[in-house]
Amino acid sequence: MAGNSKRRGAVRKTGTKKGAQVGSGGQGRKSLRGKGPTPKAEDRPYHPAAKRKASAERSAPRRSRAAGDRPYEVIGGRNSVLEALRADIPASTGYVATGVGGDERTAEIRRIIADRGIPLLEVTRTELDRLTDGGVHQGVGLQVPTYTYAEPADLLSTDAPGAPLIVALDSVTDPRNLGATLRSAGAFGAHGVLIPQRRSAGLTASAWKVSAGAAARVPVARATNLVRALGEYKKAGCFVVGLDGEAQTPVAELPVVHEPLVLVLGSEGKGLGRLVRETCDALVSIPISASMESLNAGTAIGIALYEVARQRAEG
């Protein structure tokens, strides 16, 4: 019995923390199990790389839906909406503000919308402000698909009469200047407007508004590379003329006004880019008072287009 007691005691003793446990072979398996691949440094919260990534994300500009995430635009303003409807732009919804006053344009807008079976919604002015991204809508709005740009070559094959007359904008980033350019282009018979794909204003609702509906009549093309597109125009027989405040030749003395012509306008601050300037066949200026530093981009192109139209009309 004593031997049995010792054996039992020995077994109990081997069950202490210092001794081996019976059947313990798999008990430590969980602590040895792998936890997957090591996360990247930027994904580990306390790593300096992760902190730099978080800081960059906080400081990065956030795009709103108005910046191009939605597949449509809501143009505002009675002239803009009316011209879009007259041009048969495929609109999906019309909007009128509650209590908006009626004039001939509003009446025609309502009539065209009804004839085409487009839903017409009455909304508050606050809601219409939101839909038009805070633009001046005059109580009416029209939802249209995001603008479909033409190809640069398309501007040479339009049915408009006369020698081709194209306006090219170099780094003009204000949509109001684009809208003003379209308005002048429509008024003076330009065949289209060319803009670069990058570092340029696009045809947003704001540009639609300023164009007073000309965006429905004047095609806008977008070039991946503006310099290359201007080179293709030159190969097609066009004269590329840049507007430069320091040029010695005034626009009124441009000798190739009756030929196929591309007028190039740069931004207000920097003017024409170096490569664009070197691509131009000639540079012309608009004489202004010495007290004025420069003209607004939209105003400058309007004056130049008027002068070209005047000379072409005189033959």
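Residues numbered from 1 in each chain as written. Predicted model: local features only at pLDDT ≥ 70, side-chain atom pairs only at ≥ 80, totals over all residues. Heavy atoms only, no water.

Here the focus is the environment of Ser184. Structurally, Ser184 can be placed in helix α7 (residues 175–187). C-alpha of Ser184 to C-alpha of Leu305: the two residues are 121 residues apart in sequence and 7.2 Å apart in space. Residues within four places of Ser184 in sequence aside, it is in contact with Gly298, Gly302 and Leu305. (Helix = DSSP H or I, 4+ residues; strand = E, 2+ residues; numbered from the N terminus. Contact = heavy atoms within 4.5 Å.)

This part covers the pattern of salt bridges. Scanning all chains against the criterion turns up 11 salt bridges. Arg105 is the salt-bridge partner of Asp103, the closest N and O atoms lying 3.2 Å from each other. Taking the relative accessible area as the measure of exposure, Asp103 reaches 26% and is therefore partly exposed. Its salt-bridge partner being Glu307, residue Arg310 comes within 2.3 Å of it at the nearest N-O pair. Note that Arg310 and Glu307 are positioned in helix α11 (residues 297–314) at a spacing of three residues, about one turn of the helix. When salt bridges with common partners are traced through the structure, they connect Arg78, Asp103 and Arg105 into a single cluster. (Salt bridge = Lys/Arg side-chain N within 4 Å of Asp/Glu carboxyl O. Buried < 20%, exposed > 50% of the residue type's maximum accessible area, 1.4 Å probe, protein only.)

Here we come to the side chain of Glu307. Note on Glu307: relative accessible area 10%, which makes it buried. In terms of polar contacts, Glu307 uses its side chain to reach the side chain of Arg310, at 2.3 Å. Discounting chain neighbours no more than four positions away, the residues touching Glu307 are Val251 and Ala252. (Polar contact = N/O pair within 3.5 Å; in protein donor to acceptor, adjacent residues only side chain to side chain.)

What follows covers the packing of aromatic side chains. Going through the model one piece at a time under the given rule, you end up with one aromatic pair. With a centroid separation of 5.9 Å and 65° between ring planes, the pair formed by Phe188 and Tyr306 is classed as edge-to-face. Of this pair, Phe188 sits in the loop between α7 and β6 (192–196) while Tyr306 sits in helix α11, and the two are 118 residues apart along the sequence. (Phe/Tyr/Trp six-rings, centres within 6.5 Å; stacked < 30°, edge-to-face > 60°.)

In this section: α7. Note: α-helices contain 3.6 residues per turn, so residues at a spacing of three or four share the same orientation. Taking 1.5 Å as the rise per residue, α7 with 13 residues should run 18 Å; its terminal C-alpha atoms sit 18 Å apart, in good agreement. Turning to α7, its buried residues number three or more, namely Asn177, Leu178, Gly179, Thr181, Leu182, Ser184 and Ala185. Gly189 sits one or two positions beyond α7 and adopts a positive phi of about 75°. (Expected span 1.5 Å × (residues − 1).)

So, on to unusual backbone geometry. With a phi angle near 55°, Gln138 is a residue other than glycine that sits in the positive phi range. Relative to the assigned elements, Gln138 resides in the loop between α6 (125–131) and β4 (140–145). On the basis of relative accessible area, Gln138 is assigned to the partly exposed category, the value being 32%. If you check the backbone angles, Ser171 has positive phi at about 60° while not being a glycine. Taking relative accessible area as the criterion, Ser171 reaches 26% and is therefore assigned partly exposed.

Below, the discussion takes up the nonpolar core. One finds Leu169, Val193, Leu261, Leu263 and Leu305 to be the most contacted residues of the largest nonpolar core, which totals 33 residues. When residues of this core are traced back to their parent elements, those giving at least two are β5 (165–170), α7, β6, β8 (239–243), β10 (261–266) and α11. No other element matches α11, which puts six residues into this core. Here Leu169 is in contact with Leu178, Thr181, Val193, Leu194, Ile195, Pro196, Leu226 and Leu265, once residues within four sequence places are set aside. Grouped together as the second largest cluster of nonpolar side chains are 18 residues, Leu194, Ala229, Val264 and Val276 included. (Core = buried A, V, L, I, M, F, W, Y, C linked by side-chain atoms within 4.5 Å.)

Our next topic: the sheet that holds β8. In space, the seven strands of this open sheet follow the order β7-β6-β5-β10-β8-β11-β9, with parallel pairing throughout. Only two strands of the sheet have a single partner each, and these edge strands are β7 (220–223) and β9 (249–250). Where β5 and β6 come together, three bridges link them in parallel fashion. What sits directly across from Ala168, in β6, is Leu194. Along the sheet, α11 contacts β5, β8 and β10; its crossing angle with β10, the most-contacted strand, is approximately 160°. (Pairing = 2+ DSSP bridges. Axes fitted to C-alpha atoms, helices over the stretch in contact; angles between N-to-C directions.)

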